[in-house]
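# Observations on the three-dimensional arrangement
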Protein chains: 2
Amino acid sequence: MFSPAFDDLVQRLRVLPGVGPKSAQRMALHLLSRNRHGGLDLAHALNHAMHSIQSCVMCRSLSEKEVCNICASNDRDQHLLCVVESPADVIAIEQSGSFKGRYFVLGGHLSPLDGIGPEEIGIPLLLSRINHEEISEVILATNATVEGQATAHYIIEASKNLPIKVTRIAQGVPQGGELEYVDSHTLSQALQYRLSVR
Amino acid sequence: MFSPAFDDLVQRLRVLPGVGPKSAQRMALHLLSRNRHGGLDLAHALNHAMHSIQSCVMCRSLSEKEVCNICASNDRDQHLLCVVESPADVIAIEQSGSFKGRYFVLGGHLSPLDGIGPEEIGIPLLLSRINHEEISEVILATNATVEGQATAHYIIEASKNLPIKVTRIAQGVPQGGELEYVDSHTLSQALQYRLSVR
Ligand SMILES: [Zn+2]
Ligand SMILES: [Zn+2]
């Protein structure tokens with residue numbers, strides 16, 4: 001519209017998830033009209049993050065150092081390893097404050113049609129860690145989707161001869177969930193895995 | 001969470017309008033996990049736009065050149081000048097395809113409490129252009145808000161001795177507007193300014 005640099009900025013902003021043409025334009029106008037410093041700071045932060053953040057060599061989560069803070073920490077229980085699909089899942093579990101072990105980030109799930117097999121999601125590294133470290137329990141916290149379940153089952157099979165406990169996070173009605181709005185698959189899981197309370 | 005560079009990126013993404021902590025985190029994870037090239041391209045586009053886009057010396061809209069494409073064009077009617085609050089309004093009117101004159105961008109509206117007076121919104125430049133160019137009509141297309149109306153009225157007063165026609169864009173029920181959902185002020189304007197049809 002106003003110049004090639006403007007059109008280019010609007011176009012590039014659309015790499016951000018959830019940003020369509022209208023909101024990209026609104027963002028570009030906002031930065032140019034009201035917050036050029038903020039725009040330059042964002043450019044710098046993007047550059048720095050894209051160049052400095054890599055994968056932790058132990059857990060494959062995001063880290064600026066070769067080994068991430070969680071893997072390097074002495075305060076984490078080294079016997080517990082929680083397998084998740086993505087770094088976002090690490091954040092979600094950390095924010096729940098309910099896990100003190102360490103993680104392994106697959107970086108996706110098995111998807112043969114897309115050429116994503118065990119190698120691509122780091123299964124060899126996971127098995128090698130189970131073999132060489134003092135891990136006593138692997139918690140499979142992949143998503144409760146068809147792909148997440150299939151990936152969890154693959155790991156259960158691949159680790160069946162190893163002397164560890166393998167668990168899967170519970171599925172059921174979410175906190176605050178009203179039964180009439182919970183999907184029937186979730187309800188049937190919640191009934192099947194009901195717990196004895198007295 | 002993962003590193004200072006990650007936290008900094010999430011923080012900086014929040015300069016974008018409509019981006020809260022949750023979506024900033026989602027954006028950062030998306031770029032780092034799936035589109036680092038896109039992240040670097042965005043950083044470059046931001047840098048380039050913030051440095052190269054300035055205000056057109058004639059109309060105060062956004063431009064990479066001293067005089068913007070619209071002001072420099074010979075295809076635009078030099079007798080018509082449309083006064084708007086922001087560059088976003090220029091885009092909206094251009095997209096409507098219903099105006100072939102030129103623009104003047106105030107860059108806001110009068111707001112005495114915030115220290116925004118006539119100087120800040122370029123009124124001296126506007127009056128000087130009306131005096132020195134062959135402008136025969138000034139169309140006031142400021143917003144239909146209290147501030148936009150007050151700003152339009154200020155320009156009507158300030159230009160009352162100049163030999164030009166001054167018009168205000170029409171207010172009324174928007175295209176497709178269902179009367180039961182239109183606010184009563186708009187309805188009363190639409191009734192007051194009703195047009196004779198036969
Ligand atoms: Zn790690
Ligand atoms: Zn211009």
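Scoring rules and cut-offs
- Residues numbered from 1 in each chain as written.
- Chains lettered and ligands numbered in written order.
- Predicted model: local features only at pLDDT ≥ 70, side-chain atom pairs only at ≥ 80, totals over all residues.
- Heavy atoms only, no water.
- Axes fitted to C-alpha atoms, helices over the stretch in contact; angles between N-to-C directions.
- Helix = DSSP H or I, 4+ residues; strand = E, 2+ residues; numbered from the N terminus.
- Parallel < 35°, antiparallel > 145°, perpendicular 65-115°, else oblique.
- Left-handed = near helix turned anticlockwise from the far one by under 90°.
- Contact = heavy atoms within 4.5 Å.
- Nonpolar A, V, L, I, M, F, W, Y, C, P; charged D, E, K, R; others polar.
- Phe/Tyr/Trp six-rings, centres within 6.5 Å; stacked < 30°, edge-to-face > 60°.
- Donors = N, O, S within 2.8 Å, 3.2 Å for Na, K, Ca; no water.
- Tetrahedral: all angles 85-135°; square planar, octahedral: opposite > 155°, others 65-115°.
- Buried < 20%, exposed > 50% of the residue type's maximum accessible area, 1.4 Å probe, protein only.
- Core = buried A, V, L, I, M, F, W, Y, C linked by side-chain atoms within 4.5 Å.
- Buried area = accessible area lost by both parts, 1.4 Å probe.
- Salt bridge = Lys/Arg side-chain N within 4 Å of Asp/Glu carboxyl O.
- Pairing = 2+ DSSP bridges.
- UniProt positions renumbered as here; feature names shortened; annotations may be inferred.
- Least-squares fit on C-alpha atoms with pLDDT ≥ 70 in both.

## So, the packing of helix α1 (residues 4-13) of chain A against helix α3 (residues 36-52) of chain B
For the pair α1(A) and α3(B), interaxial distance at closest approach is 9 Å and the crossing angle is 150°. With respect to their mutual orientation, α1(A) and α3(B) come out roughly antiparallel. Relative to α3(B), the crossing made by α1(A) is left-handed. Contacts from A:Ala5, A:Asp8, A:Leu9, A:Arg12 and A:Leu13 of α1(A) reach α3(B) at B:Asp41, B:Leu42, B:Ala45, B:Leu46, B:His48, B:Ala49, B:Met50 and B:Ser52. Residue composition of the contact of α1(A) with α3(B), grouped by class: eight nonpolar, two polar and three charged.

## Side note on the packing of aromatic side chains
Scanning the entire structure with this criterion turns up four aromatic pairs over all chains. Pairing B:Phe2 with B:Phe6 gives two aromatic rings, centres 5.1 Å apart and planes at 75°, and the pair type is edge-to-face.

## Notes on the coordination of the zinc ion (ligand 1)
Summarising the metal site, the zinc ion (ligand 1) is bound by the protein donors A:Cys56 (SG), A:Cys59 (SG), A:Cys68 (SG) and A:Cys71 (SG), whose distances to it range over 2.3 Å. Considering all four donor atoms around the zinc ion (ligand 1), angles at the metal cover 106 to 117° and the coordination shape is tetrahedral.

## A short note on the coordination of the zinc ion (ligand 2)
Residue and element names in this part refer to chain B. The protein atoms that coordinate the zinc ion (ligand 2) are Cys56 (SG), Cys59 (SG), Cys68 (SG) and Cys71 (SG), at distances spanning 2.3 Å. Around the zinc ion (ligand 2), the four donor atoms are arranged such that angles at the metal cover 105 to 117°; this shape is classified as tetrahedral. Read in sequence order, the donor residues for the zinc ion (ligand 2) give the motif C-x2-C-x8-C-x2-C. According to the relative accessible area criterion, Cys56 is buried, its value standing at 2%.

## Let's talk about the nonpolar core
Generally speaking, nonpolar side chains in soluble globular proteins are found buried as a group. Within the largest apolar cluster, 74 residues are counted, with the highest numbers of intra-cluster contacts made by A:Phe6 and B:Phe6. Contacts of B:Phe6, omitting those with residues within four sequence positions, involve A:Ile53, A:Leu62, A:Ile91, B:Met1, B:Gln25, B:Ala28, B:Leu29 and B:Leu32.

## Some thoughts on the interface of chain B and chain A
Facing 52 residues of chain B, the contacting portion of chain A comprises 52 residues. Roughly 4,800 Å² is buried in total at the junction of chain B and chain A, and carbon and sulfur atoms are behind 74% of that figure. Summed over the three residues of chain B that lose the most area to chain A, namely B:Phe2, B:Met50 and B:Leu62, the buried surface amounts to 15% of that side. Put simply, chain B and chain A have two salt bridges between them. For A:Arg12, the salt bridge goes to B:Asp41, with nearest N and O atoms at 3.6 Å. Counting only elements with at least two residues in the side of chain B that touches chain A, the list comes to α1 (4-13), α2 (21-34), α3, β2 (62-63), α4 (69-72) and α5 (87-96) of chain B. A total of 15 residues in the side of chain B that touches chain A trace back to one element, the largest contributor, which is α3(B). Looking at the side of chain B that touches chain A, its residues break down into 29 nonpolar, 16 polar and seven charged.

## Digging into the sheet that holds strand β4 (residues 102-105) of chain B
Residues and elements named next belong to chain B. Strand order in the open sheet made by the four strands is β4-β3-β5-β6, with parallel pairing throughout. Unpaired on one side and paired on the other, β4 and β6 (165-168) mark the two borders of the sheet. Along the sheet, successive strands turn relative to each other by an average axial angle of 25°, direction set aside. One ladder, built from four bridges, connects strand β3 (residues 80-84) with β4; its direction is parallel. Looking across to β4, one finds that Cys82 is bridged to Tyr103. Packed on one face of the sheet, helix α6 (residues 123-132) meets β3, β4 and β5 (137-140) and runs near 155° to β4. Where helix α7 (residues 146-158) meets the sheet, it contacts β3, β5 and β6, and its direction lies at approximately 170° from that of β6.

## With respect to the pattern of salt bridges
Scanning all chains against the criterion turns up 12 salt bridges over all chains. With a closest N to O distance of 2.7 Å, A:Arg129 and A:Glu133 form a salt bridge. For A:Arg129, a relative accessible area of 4% translates into the label buried. Residue A:Glu133 is classed as partly exposed on the basis of its relative accessible area, which comes to 23%. Note that B:Asp8 and B:Arg12 form a salt bridge whose closest N and O atoms lie 3.4 Å from each other. Linking B:Asp8 with B:Arg12, this pair stays in helix α1, spanning four residues, or about one helical turn.

## Details of the UniProt feature "zinc finger region: C4-type" (unreviewed entry) in chain A
The UniProt record marks residues 56-71 of chain A with the feature "zinc finger region: C4-type" (unreviewed entry), using the residue numbering of this structure. Strand forms 12% of residues 56-71 of chain A and helix 19%; the C-alpha atoms that close the span are 8 Å apart.

## As for the relation of the copies chain B and chain A
Its rotation angle being 180°, the transformation that places chain B on chain A also includes 0.0 Å of axial translation and leaves an RMSD of 0.0 Å. Given the turn and translation reported, the copies of this chain are related as if by a two-fold rotation axis. Of every C-alpha in chain B, the one belonging to B:Ala43 sits nearest the axis of rotation, 2.0 Å from it. A shared interface surface links the copies, since 100% of the contact residues of chain B are contact residues in chain A too.

## A look at the UniProt feature "domain: Toprim" (unreviewed entry) in chain A
Sequence positions flagged by UniProt for "domain: Toprim" (unreviewed entry) are, in local numbering, residues 79-174 of chain A. A helix fraction of 34% and a strand fraction of 18% characterise residues 79-174 of chain A, whose end C-alpha atoms lie 28 Å from each other.

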